[in-house]
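# Coordinate analysis (summary)
Next come the chains, spelled out residue by residue.
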Amino acid sequence: METALTKLVGVRHPIVQTGMGWVAGPRLVSASANAGALGILASATMTVQELRSAVREVKSRTDEPFGVNLRADAGDAHDRVRIIIDEGVKVASFALAPSRELIAELKDAGVVVIPSIGARRHAEKVAAWGADAVIVQGGEGGGHTGEVATTVLLPQVVDAVDIPVVAAGGFFDGRGLVAALAYGAAGIAMGTRFLLTSDSTVPDAVKAQYLAATVKDVTVTTAVDGLPHRMLRTDLVNSLEEAGRTRSLVRALRRAAAFRKLSGLTWSRMIRDGLAMKHGKDLSWSQVLLAANTPMLLRASMVEGRTDLGVMASGQVAGVIEDLPSCAELVERVMTDAERVLQELAAAKH
C-alpha cells in the first residue's frame, strides 16, 4: 500500500512504531523495520554514547529505514542530531516541536524530519519551518497527551497543512488504518500495540497487566509530573494522586537521585530538563523533579518489572488488545485487515 508516508521514508507499509522510552530499543525497532513499518528508536532514556551504540545495533539487525526520536529541549540535542547525521539514520522524530535550526540542520543532511504534535497550531508551525511530515497524537494516545480526540484533531491538521500527516492515538488494527486514510492521513502510528508484541523487551508479567486492563483501567493523571499523562491506573498512581506536597517532594528527590546516578546527568541538568517540561505550567518543585525523573518511573516498570514502583504509560487501546503477536505478524495482520475492509467498502458501493 503506497501512501505519501511510504514514499517519503521508503517503508513498505504506512505504519509507524513510535519511540517509547525504555521500550523502543534496538530489538523492537529492527523487528518493526524488518516487518515493513517505520521503527523509531527512543533516545530520551539513553546517554549520547548509548544512542550511538543503539543506532549501530539496529543497523546491524536490519537494512530497512528507521528513525530516532529526540527531545528537542534536551541540552545535548545537537549532539544527538549529529549522531543521526553521522550514522545515516533516515528519520528524526521529535516528542516536542524542534527549533527551526534543528530542522534545517537535519534536512541539509538529507534526514527526514517528522515531529509529533498534539495541536493544529503546532503542526502549522513546524510545517512552516520545513518539517517533512507530522505525527498527530489525539487524546487516546499513551504517555503525555492532550484533550482532543484523534477523530477531531486529525481532520483539523490534515486540512491545515500540506505535508503528510500520520495519525496516532487509538490505532491497533486494519480498520483504524483505513479510517485514518479516509480522514486524509498518510498512515498510522502505534505505540501500545507494538509494546504488546513478542518482540518487545517489556517483562512478560508487565505485558500481562496491560492485556488484563479494560478501557476504564487506562486513565489520565497529572500527579506524575504535572502534565496530563495517560497510563494504567495502579496503586502507585493512586498514591501519587493522594500524596501531600512534602511526601511527593521526598519521593521525587529519591527517584531523581536514582535517575541521576543511572544517566550520569548533573543535578543542574536534571532541574533544567524538568523546568523545560513545564511548558508554562505552574508546577511545584516536586512536580519539576518528577518531570525530570519520569524516566525512572517508566524504567521501574518497563525494564525491571516493578509495577509497584513505576508507571505504565498506555494508550486506551490497551483495553481492547488481547494478544502478543510478533511485529511481523502484527503488521501483516493490520495490512490484511485493511485490504479486506477496503474491498468490502468497494463492494458495498455496487
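Since this is a predicted model, take the numbers as computed values, not measurements.

On to the sheet that holds strand S8 (residues 165-168), then. Two pairing modes exist for strands in a sheet, parallel and antiparallel, and in both the strands are linked by backbone hydrogen bonds. The eight strands are arranged S1-S2-S3-S4-S5-S6-S8-S9 in a closed barrel whose pairing can be described as parallel. Within the sheet, the average angular offset between the axes of one strand and its neighbour, ignoring direction, is 25°. Of the strand pairs in this sheet, strand S5 (residues 112-117) and strand S6 (residues 134-137) are connected by two bridges, and their pairing is parallel. Note on S6: the bridge partner recorded for Ser 116 is Ile 135.

With 58 residues, the main nonpolar core has Ile 15, Val 157, Phe 194, Tyr 210 and Met 302 as its most contacted residues. It is helix H15 (residues 327-348) that contributes the most residues to this core, seven residues altogether. Two domains each provide a minimum of three residues to this core, namely domain 1 (4-203 + 320-348) and domain 2 (214-313). If sequence neighbours within four positions are ignored, Met 302 has contacts with Gly 21, Trp 22, Val 23, Leu 195, Thr 201, Val 202, Pro 203, Val 206, Tyr 210, Val 311 and Met 312.

Evaluation of the coordinates by the stated rule reveals 18 salt bridges. Ionic pairing is found between Arg 52 and Glu 87, a salt bridge with its closest N-O pair at 3.2 Å. Of this pair, Arg 52 sits in helix H3 (residues 48-61) while Glu 87 sits in the loop between helix H4 (77-86) and strand S4 (91-94), and the two are 35 residues apart along the sequence. In this structure, Lys 107 and Asp 132 form a salt bridge, with 3.4 Å as the shortest nitrogen-oxygen distance.

A few words on the sheet that holds strand S11 (residues 229-232). The three strands are arranged S7-S11-S10 in an open sheet whose pairing can be described as antiparallel. The sheet terminates laterally at strand S7 (143-144) and strand S10 (218-221), the two strands that pair on one side only. Sheet analysis places S7 next to S11, joined by two bridges and oriented antiparallel. The residue of S11 that forms the bridge with Gly 143 is Arg 230.

Moving on: the confidence of the model for the protein chain. On average, the protein chain scores 91 in pLDDT, and the residues at 70 or more come to 86%. Ranking the helices and strands of the protein chain by mean pLDDT puts strand S1 (residues 15-17) first, with 99, and helix H12 (residues 245-263) last, with 63.

Okay, unusual backbone geometry next. Notably, Trp 22 is not glycine yet its phi reads approximately 70°, a positive angle. Structurally, Trp 22 is set in the loop between S1 and helix H2 (26-34).

Each value, and the rule that gives it
- Residues numbered from 1 in each chain as written.
- Predicted model: local features only at pLDDT ≥ 70, side-chain atom pairs only at ≥ 80, totals over all residues.
- Heavy atoms only, no water.
- Pairing = 2+ DSSP bridges.
- Helix = DSSP H or I, 4+ residues; strand = E, 2+ residues; numbered from the N terminus.
- Axes fitted to C-alpha atoms, helices over the stretch in contact; angles between N-to-C directions.
- Core = buried A, V, L, I, M, F, W, Y, C linked by side-chain atoms within 4.5 Å.
- Buried < 20%, exposed > 50% of the residue type's maximum accessible area, 1.4 Å probe, protein only.
- Domains from an automatic or database assignment.
- Contact = heavy atoms within 4.5 Å.
- Salt bridge = Lys/Arg side-chain N within 4 Å of Asp/Glu carboxyl O.
- pLDDT = per-residue confidence, 0-100.

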